[in-house]
Amino acid sequence: TQPKAPFLQAKSLTFSYSALSRPAFSGVDLSVESGAAVALVGQSGSGKTTFSQVLAGLHRNYRGQLLLDGQDASSMSVSCYRSAFSMLGQQPALFDGTIAENVAMGLDFDPSQIQAALERAQLLDFVEQLPRGVDTHLGADGQGLSGGQQQRLGLARALYHDAPCLLLDEATSALDPQNQQKIWQLFRDMRGRKTLILVAHQLDAIEWVDQILVFDQGSVVERGSFDQLVNARGLFWRLLSHSSKTGN
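In what follows, the accompanying structure is described. (Residues numbered from 1 in each chain as written. Predicted model: local features only at pLDDT ≥ 70, side-chain atom pairs only at ≥ 80, totals over all residues. Heavy atoms only, no water.)

What about the sheet that holds strand β5 (residues 71-72)?
For clarity, the threshold we go by: Pairing between strands requires that DSSP locate at least two bridges from one strand to the other. Here a strand is any run of E in DSSP of at least two residues, a helix any run of H or I of at least four, and the numbering for each starts at the N terminus.
Strand order across the open sheet formed by 4 strands is β2-β1-β4-β5, with antiparallel pairing between neighbours. The open sheet is flanked by β2 (25-32) and β5, the only strands paired with a single partner.

Remarks on the sheet that holds strand β10 (residues 195-199)
Strands belonging to one sheet form pairs held by backbone hydrogen bonds; the direction of such a pair is parallel or antiparallel. In plain terms, the rule: Here, axes are lines fitted to C-alpha atoms. For helices the fit covers the stretch in contact, and angles between N-to-C directions go from 0 to 180 degrees. The contact criterion used is simple: two residues touch if any of their non-hydrogen atoms lie within 4.5 Å.
Strand order in this open sheet of 6 strands is β6-β9-β10-β3-β11-β12, and the pairing throughout is mixed. The sheet is open, and its two borders are formed by β6 (85-88) and β12 (219-224), each paired with just one other strand. Between one strand axis and the next, the sheet turns through 15 degrees on average, direction left out of account. Pairing of strand β3 (residues 37-42) with strand β11 (residues 211-216) involves 5 bridges; the strand directions are parallel. Bridged to V41 within β11 is V214. Against the sheet, helix α1 (residues 48-55) contacts β3, β6, β9 (165-169), β10 and β11, and its axis sits at roughly 145 degrees relative to β3. In this fold helix α6 (residues 147-161) packs onto β6 and β9, with an angle of close to 180 degrees to the strand it touches most, β6.

Digging into the environment of A104
The cut-off we apply is this: Here's how the labels work: a residue is buried when its accessible area is under 20% of the maximum for its type, exposed when over 50%, partly exposed in between, all with a 1.4 Å probe on protein chains only.
Inspection of the secondary structure assignment puts A104 in helix α3 (residues 99-104). Judged by its relative accessible area of 1%, A104 falls in the buried class. Sequence separation between A104 and L94 is 10 residues; the distance between their C-alpha atoms is 11 Å. The contact partners of A104, leaving out residues within four places of it in the chain, are F109, I114, Y160 and H161.

Looking at the side chain of Q180
Tracing the chain through its elements places Q180 in helix α7 (residues 177-190). Overall, the relative accessible area of 15% leaves Q180 in the buried class. Contact partners of Q180, with chain neighbours within four places excluded, come to T172, S173, L175 and Q202.

Structural notes on the environment of S16
Position of S16 among the secondary structure elements: in the loop between β1 (8-15) and β2. C-alpha of S16 to C-alpha of V209: the two residues are 193 residues apart in sequence and 28 Å apart in space. When near neighbours in sequence (up to four residues on either side) are disregarded, S16 contacts S21, R22, P23, A24, N61 and R63.

As for the layout of surface pockets
Definition in use: A cavity, in this analysis, means grid points on a 1 Å lattice covering only the protein atoms where a 1.4 Å probe fits yet has no way out; a pocket is instead an open set bounded by protein on both sides within 12 Å along at least five of seven lines, and a residue lines either one if it has an atom within 4 Å of a point. Grid points are joined across faces, edges and corners, and a volume is the space filled by probe spheres set on the points. Under the grouping applied here, Gly and all other residues not named as nonpolar or charged are polar, the nonpolar ones being Ala, Val, Leu, Ile, Met, Phe, Trp, Tyr, Cys and Pro and the charged ones Asp, Glu, Lys and Arg.
In this model, the largest pocket occupies a volume close to 460 Å³. If you trace the largest pocket, you find 19 residues lining it, with F85, S86, M87, M105 and R157 closest to the centre. Secondary-structure elements contributing two or more residues to the lining of the largest pocket are β6 and α6. Considering only residue class, the lining of the largest pocket consists of 11 nonpolar, 6 polar and 2 charged. By volume, the second largest pocket amounts to about 270 Å³. Contributing to the lining of the second largest pocket are 15 residues, with Q113, R120, L159, Y160 and D162 lying nearest its centre. Of all elements in the fold, only α4 (111-120) and α6 reach the threshold of two or more residues within the lining of the second largest pocket.

Written out as structure tokens, the structure reads:
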């Protein structure tokens, strides 16, 4: 059976990297229905990536409240809370081992499921052309793969681990346009079955999400659907106009 997608809530969430530094973000509220897709957008340094990391349980010393299916995250063990998330960033953490070992990473091997995850991540054709296939040995940090192939291998791992919440931070930035389009379609198809948190710079690719949070200097300054934010002609509209002109 498919794991149930979580219902996530953040209440007045604030986080600082140290007691002396200004908060990376402060006073953020978020409510994500099970199976919904939420995009976090904003300029570099606005707090969106740190916020996503706190949601995924990578930082625990936050202020405010974080709830997973109504349960306070502070009352849960770190491993129990984090098991609800598969997280994928621009640079996946690949290790010295085979492609199959990098996909399974700590889970039991299921060859057919490994193959299925590679196929959904648009990497199976490449792997099958290698002399040793999924048993091909990679160097540390995915040495031997291009940046786009590394990202797709990281995605295959996230799909294989099949956590109910998928958190993606610019996870397609190194892909060519054709594969990028296929992976974004995969994300769209997951909506309703997985809870999706997307940190996105490619703003024209998130028209379909349920809710967009716009970060600016550590605060959420706008939220709504794609159309609502375009019609508001605020910061999101300006960021979208700029990205259209620069081709990002």
